[in-house]
Amino acid sequence: MVEFKDLGLRSDILRAIEERGYTTPTPIQELAIPYVLMDRDLMACAQTGTGKTAGFCLPMLEILSTGGAKARMPRSLILEPTRELAAQVAENFAVYGKHLNFTAVLLTGGKGMEEQIKKLDRGVDVLIATPGRMIDLFERGNILLHDIRIFVIDEADRMLDMGFIPDVEKIAGLLPKLRQTLFFSATLLPEIRALAGKFLRNPKEVSVAPPATTAATVAQYLLHVSPRGKREALRGLLRRETLKNAFIFCNRKRDVRTLAESLTRHKFSVVALHGDMPQNRRDEALEKFRSGAVPFLVCSDVAARGLDIKGVDAVFNFDVPFNAEDYVHRIGRTGRAGREGHAYTFVAPDDDRLLANIVALIRKDIPVMEGFEPRPDALVPAGDEEPADEDFVSRHKQRAGRRERGGWEHDRHPRGHGSRRSARKPAPAESRAPRPGTGPGAPTIGFGDDMPRFLVKPRARAGQRKEETV
Ligand code: AMP
């Protein structure tokens, strides 16, 4: 069995790893570290949760621990798609580099630029940046890039989804030709490979997990709901399941906002996280969730991407994600490090095609949750749901129309993936079959036909400050 000491890392780094409590390298670390230390370019297929961050941090620390940085001339650059991920990478450098004289600086939007510029002036070994802020500071003349020896493009698939690739290409064009480039992506689909080819020279390819594996430790469930019954179904589940904490994913930023407000009105303790929030509020929300002060985080894919929060009990897909890969990423927030996790996906009638794409991607059926059965409309009190749900229905209809035309409405997913996915194998009959009263042409009356029976007898659970009447 390979140990950290076999990988060619210096004792100061090995000591920090030991103090962190890691005994053996993860597969991606075992594969990637030796190549990075050999100065090879790398194309790595690894998802968050595999230990990929240390896979590039550790050898970068080793390589950069000799020599020093000059003012405004960072020696390495890591690009991350979101501020939260960039912050996590910076934390990794602080942990593993604590016995070295090493400077890592975080360069992300939403934080004071002056402070970042001051740090750059003092000399930086590794710059961890989101593409936008990086370009801003370069164009203002605050950064000189000709000393960059190692360039890391992390979460490349996400960069692609978020439309950041032109920025990444622009930045790559500003870097010295003679450099080492490390490219990490959760998938190595043909378009990602083509992209990697633009940045890498004779790369070594390493892969640790097939792109579409969902953790074996996550129990997955489907809950068929009508769009109007979703919020109540969610509240019922939050009360019924014994959850310490959970992520609740929505597809759109505005729905993150309205759902968080709705849950708060119903006395659940939640925080919201989406890309339009000012950075200090994003940090605050994340800290409350991470520390356990608030048990439920309502979030968008972009904001929650790759967040490494230990011991998350469950993930709720309040909306079925537009991209099947996002399903894998979302549910990967729970069931980490061998712990058991639960993933609940609410499926409305219009979502069948999205669900079929997910089932095709993960290559297994998702069972329908037991005990979640249709309930007569009459049991749902009128006026409980906000008018926004009307919008939801019409948005859904519009979206179905757009889907037919091959376009998606999605926060910062300008490219969309509908066409690529549609070629995949259809879902098995049970995930396509219409629920009673929800098939084509069936009218939606009142709050819909899919209310779970358990909602009749709510019980107080984590995060519910006070019992409420459904
Ligand atoms: P990442 O995929 O980089 O987001 O890492 C996922 C989690 O694995 C983080 O909490 C890391 O701290 C942790 N981790 C990284 N390397 C190891 C290791 N060799 N042994 C145990 N845990 C690790």
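1. Quick notes on the overall build of the protein chain
Stage number 1. For the protein chain, the count of helices and strands is 18 helices and 13 strands.
Stage number 2. Counting the 470 residues in the protein chain, one finds 57% classified as buried.
Stage number 3. Within the protein chain, contacts between residues separated by at least 24 positions form 80% of all contacts whose residues are at least 6 apart in sequence.
Stage number 4. Total accessible area on the protein chain stands at roughly 19,000 Å², and carbon and sulfur atoms take up 52% of it.

2. Topic: the site of the ligand
Stage number 1. In the vicinity of the ligand lie 15 residues, with Tyr-22, Gln-29, Gly-49, Thr-53 and Asp-308 positioned nearest.
Stage number 2. A distance of 3.4 Å is found between an oxygen atom of the ligand and a backbone nitrogen or oxygen belonging to Lys-52.
Stage number 3. Here an oxygen atom of the ligand sits 2.5 Å away from a polar atom, N or O, in the side chain of Thr-53.
Stage number 4. If the ligand stood free it would expose 500 Å²; the protein chains cover 83% of that surface.
Stage number 5. A breakdown of the residues in the shell around the ligand according to their chemical character gives three nonpolar, eight polar and four charged.

3. Thoughts on the sheet that holds strand 9 (residues 246–249)
Stage number 1. Spatial strand order, 8-13-12-9-11-10: six strands in an open sheet with parallel pairing. Each having just a single partner strand, strand 8 (218–224) and strand 10 (270–273) make up the two edges of the open sheet. Between one strand axis and the next, the sheet turns by 20° as a mean value, whatever way the strands run.
Stage number 2. Taken together, the four bridges between strand 12 (residues 314–317) and strand 13 (residues 341–347) define a ladder with parallel strand orientation. Counterpart to Asn-317 in the pairing with strand 13 is Thr-345.

4. Structural notes on helix 3 (residues 52–64)
Residues lying three or four places apart along an α-helix face the same way, a consequence of the helix completing one turn every 3.6 residues.
Stage number 1. Here helix 3 spans 18 Å end to end across 13 residues, near enough to the 18 Å set by a 1.5 Å rise per residue.
Stage number 2. Where burial is concerned, most of helix 3 is hidden: 13 out of the 13 residues are buried.

5. Regarding the state of the cysteines
Two cysteines, two sulfur atoms, one covalent bond between them: this is a disulfide.
Stage number 1. Under the definition given, this model contains zero disulfides.
Stage number 2. Cys-250 takes part in no disulfide bond, and the closest cysteine sulfur, belonging to Cys-299, lies 7.8 Å away.
Stage number 3. For Cys-250, a relative accessible area of 0% translates into the label buried.

6. Topic: the pattern of salt bridges
Stage number 1. All told, the structure shown has 22 salt bridges when counted by the stated rule.
Stage number 2. The salt bridge partner of Asp-12 is Arg-15, with a shortest N-O separation of 3.6 Å. With Asp-12 and Arg-15 both in helix 1 (residues 11–20) and three residues apart, the pair spans about one turn of that helix.
Stage number 3. A relative accessible area of 24% means that Asp-12 is categorised as partly exposed.
Stage number 4. The salt bridge partner of Asp-121 is Arg-72, with a shortest N-O separation of 2.9 Å. Of this pair, Asp-121 sits in helix 5 (residues 113–121) while Arg-72 sits in the loop between helix 3 and strand 2 (76–79), and the two are 49 residues apart along the sequence.
Stage number 5. Taken together, the shared-partner salt bridges in this structure form one network comprising Glu-3, Lys-5 and Asp-6.

7. So, unusual backbone geometry
Stage number 1. Positioned with a positive phi, Asp-39 is a non-glycine residue whose angle comes to about 70°.
Stage number 2. Among the structural elements, Asp-39 can be located in the loop between helix 2 (27–37) and strand 1 (42–45).
Stage number 3. When its relative accessible area of 46% is taken as the criterion, Asp-39 is described as partly exposed.
Stage number 4. The phi torsion at Arg-72 lies on the positive side, around 65°, for a residue other than glycine.
Stage number 5. Looking at Arg-72, the relative accessible area reads 32%, which means it is partly exposed.

8. A word on the nonpolar core
In globular proteins that are soluble, nonpolar side chains generally tend to be buried together.
Stage number 1. Of all hydrophobic cores here, the largest spans 38 residues; its most connected members are Leu-77, Leu-79, Leu-127, Met-134 and Phe-183.
Stage number 2. With residues near it in sequence (within four places) discarded, Phe-183 still touches Leu-42, Met-43, Ala-44, Ile-153, Ala-156, Ile-192, Leu-195, Ala-196, Phe-199 and Leu-200.
Stage number 3. Among the nonpolar cores identified, the runner-up in size contains 35 residues, and Met-60, Ala-86, Ile-150 and Leu-182 belong to it.

9. Section: empty space enclosed by the protein
If a probe the size of a water molecule is rolled over the atoms, the empty space left behind becomes visible.
Stage number 1. Tallying each qualifying case throughout the model produces three cavities of 30 Å³ or more.
Stage number 2. Approximately 60 Å³ is the volume attributed to the second largest cavity.
Stage number 3. The wall of the second largest cavity is formed by Arg-158, Phe-249, Asp-301, Ala-304, Arg-305, Gly-306, Asp-326, His-329, Arg-330 and Arg-333.
Stage number 4. Of all the secondary structure elements, the ones that give two or more residues to the lining of the second largest cavity are helix 13 (301–304) and helix 14 (324–331).
Stage number 5. When its residues are assigned to classes, the lining of the second largest cavity shows two nonpolar, two polar and six charged.

10. Some details on the environment of Ile-165
Stage number 1. Along the chain, the position of Ile-165 falls in helix 8 (residues 165–174).
Stage number 2. Each C-alpha atom, one on Ile-165 and one on Pro-131, is 9.0 Å from the other, the two residues being 34 residues apart in sequence.
Stage number 3. When residues no more than four places from it in sequence are discounted, the contact partners of Ile-165 are Ala-156, Met-159, Leu-160 and Leu-195.

11. Considerations on the environment of Tyr-344
Stage number 1. Relative to the elements of secondary structure, Tyr-344 occurs in strand 13.
Stage number 2. Counting along the chain gives 29 residues from Tyr-344 to Val-315, while the straight-line C-alpha distance between them is 6.3 Å.
Stage number 3. A distance of 2.7 Å separates a polar atom in the side chain of Tyr-344 from a polar atom in the side chain of Glu-241.

What counts as what
- Residues numbered from 1 in each chain as written.
- Predicted model: local features only at pLDDT ≥ 70, side-chain atom pairs only at ≥ 80, totals over all residues.
- Heavy atoms only, no water.
- Helix = DSSP H or I, 4+ residues; strand = E, 2+ residues; numbered from the N terminus.
- Buried < 20%, exposed > 50% of the residue type's maximum accessible area, 1.4 Å probe, protein only.
- Contact = heavy atoms within 4.5 Å.
- Areas by Shrake-Rupley, 256 points an atom, 1.4 Å probe, with all protein chains shown as cover.
- Near = heavy atom within 4 Å.
- Polar contact = N/O pair within 3.5 Å; in protein donor to acceptor, adjacent residues only side chain to side chain.
- Nonpolar A, V, L, I, M, F, W, Y, C, P; charged D, E, K, R; others polar.
- Pairing = 2+ DSSP bridges.
- Axes fitted to C-alpha atoms, helices over the stretch in contact; angles between N-to-C directions.
- Expected span 1.5 Å × (residues − 1).
- Disulfide = S-S within 2.5 Å.
- Salt bridge = Lys/Arg side-chain N within 4 Å of Asp/Glu carboxyl O.
- Core = buried A, V, L, I, M, F, W, Y, C linked by side-chain atoms within 4.5 Å.
- 1 Å grid on protein atoms, 1.4 Å probe; cavity = no way out; pocket = protein on both sides within 12 Å on 5 of 7 lines; lining within 4 Å.
- Points joined across faces, edges and corners; volume = space filled by probe spheres on them.

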